[in-house]
Amino acid sequence: MVIEWRDAVTEAKEATGFSGEVVPRTVDGIGSALRLDHRADFYTELGALADSAGFDAFLNHWWTQALADSAGDGDAREQAIDFADVAVSLYARTTGGPTSTQAEIEALVMGAEVS
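A quick note: this is a predicted structure, and the numbers were derived from the prediction, not measured.

Student: Tell me about the packing of aromatic side chains, and please be specific about residues and values.
Tutor: Under the defined criterion, the tally for this structure stands at eight aromatic pairs. With centroids separated by 4.9 Å and ring planes inclined at 70°, the aromatic side chains of Phe42 and Tyr43 adopt a geometry described as edge-to-face. Judged by its relative accessible area of 0%, Phe42 is buried. A residue is classified by how much of its surface remains accessible, and Tyr43, at 37% relative accessible area, is partly exposed. An aromatic cluster is defined as three or more aromatic residues linked by ring pairs; in this entry it consists of Trp5, Phe18, Trp63, Phe83 and Tyr91. Sitting over the face of the ring of Trp5, Arg25 holds its NZ or CZ atom 4.5 Å from the ring centroid.

See the structure below:
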């Protein structure tokens, strides 16, 4: 599964042109990158996870937030969120999760609303 995640990140970087630092998609990596006000919510939610079924969605959500929190200005934050959206969509496609079409991914890269 780790290889699939790396592939999704690599492809998303190429698709979006993201050049910022990629936060590790681990509990420690995410926890370290979050702002303090978000960090408490992250660990509270982690402690409340009842089973492993929702863990991937939990990591995806908080990894995106960690990227946004670690970005510099508004433009960098927006680019980090776009990159995260594409990476998570590509990863979901490789793991059999909910998927987006190529057109939807391209729309995310361009900043368009996807319905």
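Student: I'd like to hear about the packing of helix α4 (residues 55–70) against helix α5 (residues 74–95), residue by residue, with values.
Tutor: Axis angle and axis distance: for two packed helices, these are the angle between their axes and the distance between the axes, and together they describe the pair. Their axes nearest at 8 Å, the elements α4 and α5 cross at an angle of 160°. Taken together, α4 and α5 sit at an angle that is classed as roughly antiparallel. Two packed elements cross with a definite hand, and for α4 against α5 that hand is right-handed. Residues Asp56, Asn60, Trp63, Thr64, Gln65, Leu67, Ala68 and Asp69 of α4 form the contact with α5, whose own contacting residues are Arg77, Ala80, Ile81, Phe83, Ala84, Ala87, Val88 and Tyr91. Its residues assigned to classes, the contact of α4 with α5 shows ten nonpolar, three polar and three charged.

Student: How would you summarise the pattern of salt bridges if you had to cite specific residues and measurements?
Tutor: One pass over the full model with this rule turns up three salt bridges. When the shortest N-O distance is used, the salt bridge between Asp56 and Arg25 registers 2.8 Å. One end of the pair, Asp56, is in helix α4; the other, Arg25, is in the loop between α1 (2–16) and α2 (27–33), with 31 residues separating them in the sequence. Using a relative accessible area of 14% as the deciding quantity, one classes Arg25 as buried. We note a salt bridge from Asp37 to Arg35, for which the minimum N-O separation is 2.8 Å.

Student: Any chance you could break down the environment of Phe55 for me, citing the residues and the numbers?
Tutor: Relative to the helices and strands, Phe55 is located in helix α4. Residue Phe55 is classed as partly exposed on the basis of its relative accessible area of 29%. In contact with Phe55, not counting residues within four places along its chain, are Val27, Leu46 and Leu49.

Student: Pulling in residues and values, what's your account of the nonpolar core?
Tutor: Of all hydrophobic cores here, the largest spans 25 residues; its most connected members are Trp5, Ile30, Trp63, Leu67 and Phe83. For this core, the secondary structure elements donating two or more residues are α1, α2, α4 and α5.

Student: So what's going on with a negative patch on the surface? Which residues, and what values?
Tutor: Negative charge collects at one region of the surface, where Glu4, Asp7, Glu11 and Glu14 lie side by side. As for its position among the elements, Glu14 is in helix α1. Of the residues examined, Glu14 reaches a relative accessible area of 64% and is grouped as exposed.

About the thresholds
Residues numbered from 1 in each chain as written. Predicted model: local features only at pLDDT ≥ 70, side-chain atom pairs only at ≥ 80, totals over all residues. Heavy atoms only, no water. Phe/Tyr/Trp six-rings, centres within 6.5 Å; stacked < 30°, edge-to-face > 60°. Buried < 20%, exposed > 50% of the residue type's maximum accessible area, 1.4 Å probe, protein only. Lys NZ or Arg CZ within 6 Å of the ring centre and 35° of its normal. Axes fitted to C-alpha atoms, helices over the stretch in contact; angles between N-to-C directions. Helix = DSSP H or I, 4+ residues; strand = E, 2+ residues; numbered from the N terminus. Parallel < 35°, antiparallel > 145°, perpendicular 65-115°, else oblique. Left-handed = near helix turned anticlockwise from the far one by under 90°. Contact = heavy atoms within 4.5 Å. Nonpolar A, V, L, I, M, F, W, Y, C, P; charged D, E, K, R; others polar. Salt bridge = Lys/Arg side-chain N within 4 Å of Asp/Glu carboxyl O. Core = buried A, V, L, I, M, F, W, Y, C linked by side-chain atoms within 4.5 Å. Patch = residues over 30% accessible without salt bridge, like charges linked within 9 Å, V, L, I, M, F, W, Y side chains within 5 Å. Areas by Shrake-Rupley, 256 points an atom, 1.4 Å probe, with all protein chains shown as cover. Lys, Arg positive; Asp, Glu negative; His and termini not counted. Charge placed at Lys NZ, Arg CZ, Asp CG, Glu CD.

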